[in-house]
Amino acid sequence: RYLNELKENDSLCRQAQTSGMFYVFHNLSPFLQEVEKKYFVPQVSAAEMRRILEKFKETEEWIEKSVLIGCSDEHVPQFALDLGTVEKSLIESELKGSFTDLRKALFVVDGKDSALLALAQSLLRWHESHQYCSKTGQPTQKNVAGSKRVCHASRITYYPQTSPVVITLVSDGNRCLLARQPSFPQGMYSALSGFCDMGENLEETVRREVAEEVGLEVESLWYSASQHWPFPSSSLMIACHALVRAQQAEISVDSLELEEARWFGLEEIIEGLKRQPSSSRQDDGSVLPWFPPKQAIAHQLIQEWVKQQTS
C-alpha cells in the first residue's frame, strides 16, 4: 500500500527520494561489489548519492531521473538511478566496485537482489525508449516514481508493460527435451520458450511453440511457476511441463529458431545439473552439456522433472 502511495503521489515520492536507498546503474549495467569472492548489490544512501552527484558536477535534478523499484521491510523506499553520462571508471573507483552485464549479475547475486536488478533495468530501459508519444511525437513526461509517462499534448498515459513468454520442458515420460539457441553459451541447453501471440491463451502458446520448434504434438500440459525476466526488455516467464507421446517423439528442429534439440535421459540430466560452465570443457576441446543455473526458471523445471522421475 505504501508503494502504491509513492507511485501515485509525486510530492510524497519526491520526499522519499531524500531518504531512500539507491541501486546504481551505468548504461543499464548494475553496480556490484565483491567481498570474499561473493558478489552483492550495494544500496547507496540518498545523502551519499547527492555527494557523488556534486563531486562529478551533476545537479541534484539527476535524482529526478531515478525510478522507484521497491520498499524494504522497514518501509525504506528503493530507487534505481542510471549514471550513464558520468565516466564509468570514476564511479567504480568512488564506490569501490564495478558495473557488470546484467545477464552475468543475475547469476552471481542472491535471489532477492537479482529480482530487484531485473525490475530496475526493465524500468530504466522502458523510460529510455518511451520518451516520445507514439501518436503525437511530442515528448512524454515521467512521473516522479517512474510508474508512468504522460503526453500532455494527447493526454495519453503510458504504463510500463511486460510480455508473456511460455517456457516449456517437454517430456515423453522417460526423457526430457532440451534445446540450444545460437546465442546460448557453448554447451548450454535449456527448455523451449516463446512469446505468446496476440489472442492466444497459455495452452495454445505451448502447443504452438512445441510444434513449431521441434515438430511434436503436446498431449497434456500443466503449469509450474512464473518469473520476471528482463530480456529482451521485460518478460513474464510462465513455466510449464508438457507431455508428448513416446511413439511420436521424433524431433524435427526448426533451424531458424534453434541450433539443436535432443532428448536427455535421467542420468545425463543429473550429471549435467552438477556441471558448471567452467568444468564442462573436455581436453579434446569438446563441451559436455550443462544447464541454466538455479536462478533461472528453466533450472526449476529440470529439477522438478528429475524429482518426478525419481519419486
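Note: the structure precedes this text.
All of the points below concern the structure found in this document. What you see is a predicted model, and the numbers here were worked out from it, not measured in a lab.

1. Here's the deal with the pattern of salt bridges
Then comes step 1: Tallied over the entire structure, the rule returns 14 salt bridges.
Then comes step 2: E48 is the partner of R51 in a salt bridge, and the nearest nitrogen-oxygen pair spans 2.8 Å. Within this pair, R51 and its partner E48 are both found in helix 3 (residues 46-55), separated by three residues, close to a single helical turn.
Then comes step 3: Overall, the relative accessible area of 26% leaves E48 in the partly exposed class.
Then comes step 4: The residue E271 makes a salt bridge to K274 at a minimum N-O spacing of 3.4 Å. With a gap of three residues between them, E271 and K274 both fall in helix 8 (residues 266-274), about one helical turn apart.
Then comes step 5: The class of E271 is partly exposed, set by a relative accessible area of 39%.

2. Side note on helix 7 (residues 202-214)
Then comes step 1: Given a rise of 1.5 Å per residue, 13 residues ought to cover 18 Å, and the 18 Å separating the end C-alpha atoms of helix 7 matches this to within 8%.
Then comes step 2: Of all the positions in helix 7, only T205, V206, R208, E209, V210, E213 and V214 are classed as buried.
Then comes step 3: Tucked into the core, helix 7 has its buried residues touching strand 11 (163-171), strand 12 (176-180), strand 13 (192-195), strand 14 (218-229), strand 15 (235-244) and strand 16 (260-264).
Then comes step 4: With a side-chain oxygen lying 3.2 Å from the backbone nitrogen of E203, the N-terminal cap of helix 7 falls on N201.

What counts, and at which threshold
- Residues numbered from 1 in each chain as written.
- Predicted model: local features only at pLDDT ≥ 70, side-chain atom pairs only at ≥ 80, totals over all residues.
- Heavy atoms only, no water.
- Salt bridge = Lys/Arg side-chain N within 4 Å of Asp/Glu carboxyl O.
- Helix = DSSP H or I, 4+ residues; strand = E, 2+ residues; numbered from the N terminus.
- Buried < 20%, exposed > 50% of the residue type's maximum accessible area, 1.4 Å probe, protein only.
- Expected span 1.5 Å × (residues − 1).
- Contact = heavy atoms within 4.5 Å.
- Polar contact = N/O pair within 3.5 Å; in protein donor to acceptor, adjacent residues only side chain to side chain.

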